[in-house]
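Report on the structure
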Amino acid sequence: MAKKKTYFVCQSCGYNSIKWLGRCPECGEWNSFVEETRFPSLSTSTASASPLPLSDVSLSEGERFTTTIGELDRVLGGGVVPGSVVLIGGDPGVGKSTLLLQAMSGILKAAEGEGLYVSAEESQSQVKLRAQRLGIDSEHILILSETSLEAILNHMENIKPRLVVIDSIQTIYSEELASAPGTVGQVRECSARLMQKAKILNIPTFIIGHVTKEGALAGPRVLEHIVDTVLYFEGERTMSFRILRAVKNRFGSTNEIGIFEMTDTGLMEIDNPSEMFLRERDNTASGSVVTTTVEGTRPIIVEIQALVSPTTFGMPRRTSIGVDTQRVNLLIAVLEKIGGLQLGLSDIYLNVVGGLRIVEPAVDLPVILSIASSLREVPVEHDIVTFGEVGLSGEIRPVSQAEARLKEAEKIGFKAAIIPEANRQRMKINTSLKIIGVTNIHEALEVIFSLKS
Ligand code: TYD
Ligand code: MG
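Since we're looking at a predicted model, the values are computed, not measured. (Residues numbered from 1 in each chain as written. Chains lettered and ligands numbered in written order. Predicted model: local features only at pLDDT ≥ 70, side-chain atom pairs only at ≥ 80, totals over all residues. Heavy atoms only, no water.)

Near ligand 1 you find 16 residues, and of these Gly93, Ser97, Thr98, Thr263 and Gly266 are the closest. Contact distances for ligand 1 include 3.2 Å between a nitrogen atom and a side-chain N or O atom of arginine 133. Across the complex, the protein chains shield 78% of the 550 Å² of accessible surface that ligand 1 would expose by itself. Elements represented by at least two residues in the shell around ligand 1 include exactly α2 (96-110), α3 (124-133) and β11 (257-263). Of all the elements, α2 adds the most residues to the shell around ligand 1, at 3 residues. Of the residues contributing to the shell around ligand 1, the split by class is 4 nonpolar, 7 polar and 5 charged. (Near = heavy atom within 4 Å. Polar contact = N/O pair within 3.5 Å; in protein donor to acceptor, adjacent residues only side chain to side chain. Areas by Shrake-Rupley, 256 points an atom, 1.4 Å probe, with all protein chains shown as cover. Helix = DSSP H or I, 4+ residues; strand = E, 2+ residues; numbered from the N terminus. Nonpolar A, V, L, I, M, F, W, Y, C, P; charged D, E, K, R; others polar.)

Rendered as structure tokens:
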């Protein structure tokens, strides 16, 4: 029997230490060290790939195969690369299992072979229930309810499936480690061994990982380094739309996103997110402003709503959903000091419709205009879009990809756009939109309210 080694691992970042530490020297987390016992891995050296002359190495790029889910293919960089290991992270309930079951079914419709779906969390019949709901029934999808890594690797070896899904990495464990499933040591060991097997057998492997309360994949930064591609599946549980985002991709760009809607019968691809976000818009309400935000490389039209109402308690409340609250506070300060609006005795609520989160500064101008519109109770013309970054002295700065934003607005049927003057001057496209360039928030406010009269 190999000699047992004991060491301590930080559960937050994976840092190793031979003694217990109160605070991690790597990530600064307190009380995060857990003892792990590890037997030196016996299996790792038995099978390995042999070196090849560079001139003989084939490009596996050409062999990508489709999942038949366009949005997923795009985020992967144009389909699945054989032997690649893809980590899909997301909150519980966001739809990770659903997405991968649909992807597996799609892949097996387009290609020969069998898929191995390892369900370490749910029983075979639970997976069957989900499959029924999705209208998936195939003899080529093999469901394995198993938590032992060694058993899973054996099945991979024997079946040589077309692809493997591990649902989820936090619930499987290696018998060679004494620590519990879900600990950093286990997660890292299991992923590394799966990765190794996937490369040797050339089987693409999707690994599902849960996200902790803090928003990181549990045991995670370690994991992100190991795998080829890391995708995050995001969305509010109560909202139907979901965004699949690449945060790392050895085989493609991390700029792409996929947009889905969770329906009664599974995830549907959304080709036209702008229409979805504007679906139930009230054209006559004050405080509503439409903007084009860019997610990855895709312009999406969304509505920003503000509600400004008199404060009933001493302290005015400022609540923002979908735009960073700090950013909104900064913009409110600019509106007061530079724009001369009286907001000190008002509660301000801001919301991005549909549950989208916008992090880019191009949302500044729409935020400012929606607050002004609600304060004055004057609705903004419904067929105007606007975007622009606002500086601390009230100046409006240009944003990236202005032309793509304008094209999208034109496509959806908007008539005019209020944009940074600098963007207007650099514009090279012809558009049917009436383009109004503004250099500071005074001009923007004037434009928006004079268009009404
Ligand atoms: P699931 O894929 O189990 O999420 P995860 O694996 O990320 O934890 O799906 C979770 C939710 O999606 C669940 O609350 C039910 C809902 N759902 C639908 O709305 N429609 C469907 O067709 C399916 C399969 C699930
Ligand atoms: Mg699941």
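Next comes the rest of the description.
For the protein chain, the assigned domains are domain 1 (1-39), domain 2 (65-271) and domain 3 (276-452). One C-alpha centre belongs to domain 2, the other to domain 3, and the line joining them spans 38 Å. Contact with domain 2, which involves 15 residues of that partner, is made by 12 residues of domain 3. Across the interface of domain 2 and domain 3, roughly 1,100 Å² is buried in total on both sides, 55% from carbon and sulfur atoms. Area buried by domain 2 at its contact with domain 3 is led by Phe241, Asn255 and Ile257, which between them contribute 38% of it. The interface formed by domain 2 and domain 3 includes 3 salt bridges. Residue arginine 245 is joined to glutamate 295 by a salt bridge in which the shortest nitrogen-to-oxygen separation is 2.7 Å. On the surface where domain 2 and domain 3 come into contact, there are 5 residue pairs in polar contact (both at pLDDT 80 or more). Ranked by residues supplied to the side of domain 2 that touches domain 3, first place goes to β11 with 4 residues. Considered class by class, the residues forming the side of domain 2 that touches domain 3 number 6 nonpolar, 2 polar and 7 charged. (Domains from an automatic or database assignment. Contact = heavy atoms within 4.5 Å. Buried area = accessible area lost by both parts, 1.4 Å probe. Salt bridge = Lys/Arg side-chain N within 4 Å of Asp/Glu carboxyl O.)

This next bit is on the pairing of β11. By the criterion of burial, β11 is predominantly enclosed, with 5 of the 7 residues buried. Summarising the sheet, strand β10 (residues 241-249) and β11 pair through 5 bridges and their orientation is antiparallel. Bridged to isoleucine 243 within β11 is isoleucine 259. (Buried < 20%, exposed > 50% of the residue type's maximum accessible area, 1.4 Å probe, protein only. Pairing = 2+ DSSP bridges.)

The next subject is the packing of helix α8 (residues 325-337) against helix α9 (residues 364-376). Running from N to C, α8 and α9 point in directions that differ by 60°, and their axes come no closer than 10 Å. In terms of their interaxial angle, α8 and α9 are classed as oblique. As α8 runs across α9, the sense of the crossing is right-handed. Where α8 approaches α9, its residues Arg327, Leu331, Ile332 and Leu335 are matched on the opposing element by Asp364, Val367, Ile368 and Ile371. Counted by class, the contact of α8 with α9 contains 6 nonpolar, no polar and 2 charged residues. (Axes fitted to C-alpha atoms, helices over the stretch in contact; angles between N-to-C directions. Parallel < 35°, antiparallel > 145°, perpendicular 65-115°, else oblique. Left-handed = near helix turned anticlockwise from the far one by under 90°.)

Taking 1.5 Å per residue, 13 residues should reach 18 Å; α9 reaches 19 Å between its end C-alpha atoms and fits that length. Looking at the residues trailing α9, positive phi occurs at glutamate 377, about 55°. (Expected span 1.5 Å × (residues − 1).)

So, about the sheet that holds β11. One open sheet holds the 9 strands; their spatial order is β6-β5-β7-β8-β4-β9-β10-β11-β12, and the pairing between them is mixed. One side of each edge strand has no neighbouring strand; the edge strands of this open sheet are β6 (141-144) and β12 (266-269). Pairs of neighbouring strands in the sheet enclose a mean axial angle of 25°, with direction left out of account. Strand direction decides the pairing type here: strand β5 (residues 115-119) and β6, joined by 4 bridges, are parallel. Each bridged residue has a counterpart across the sheet, and for leucine 116 the counterpart in β6 is leucine 142.

Time to look at the packing of α2 against α3. Two numbers describe how α2 lies on α3: the axes approach to 11 Å, and their chain directions differ by 70°. The pairing of α2 with α3 is recorded here as roughly perpendicular in orientation. Residues Ser97, Thr98 and Leu101 of α2 pack against Val127, Arg130 and Ala131 of α3. Class assignment of the residues belonging to the contact of α2 with α3 gives a composition of 3 nonpolar, 2 polar and 1 charged.

Right, let's get into the pattern of salt bridges. In total, this model carries 19 salt bridges according to the counting rule given. A salt bridge links arginine 245 to glutamate 234; the nearest nitrogen and oxygen atoms lie 3.0 Å apart. Of the two residues, arginine 245 is situated in strand β10 and glutamate 234 in strand β9 (residues 229-234); the sequence distance between them amounts to 11 residues. Through salt bridges with shared partners, one network takes in Glu71, Arg74, Glu256 and Arg298.

This paragraph deals with the packing of aromatic side chains. Evaluation of the coordinates by the stated rule reveals 3 aromatic pairs. Just above the ring of phenylalanine 65 sits the side chain of arginine 162; from NZ or CZ to the centre is 4.5 Å. Taking the ring centre of phenylalanine 387 as reference, the NZ or CZ of arginine 405 above it sits at 5.4 Å. (Phe/Tyr/Trp six-rings, centres within 6.5 Å; stacked < 30°, edge-to-face > 60°. Lys NZ or Arg CZ within 6 Å of the ring centre and 35° of its normal.)

Moving on, we come to the confidence of the model for the protein chain. Across the protein chain, the average pLDDT comes to 88, with 92% of residues at or above 70. Note on residues 42-46: pLDDT is under 50 here. Beyond four places in sequence and across chains, it has 5 contacts. (pLDDT = per-residue confidence, 0-100.)

With that out of the way, let us pick up the pairing of strand β4 (residues 85-90). Extensive coverage of β4 is indicated by the burial of 6 of its 6 residues. Every second residue of β4 is oriented toward a common face, with Val85, Leu87 and Gly89 on one face and Val86, Ile88 and Gly90 on the other, all of them buried. Relative to strand β8 (residues 205-210), β4 is paired through 6 bridges, and the arrangement is parallel. From the neighbouring strand, valine 86 faces β8, where its bridge partner is phenylalanine 206. The sheet contact formed by β4 and β9 spans 5 bridges and is parallel. Within β9, the position partnered with isoleucine 88 by the bridge is leucine 231.

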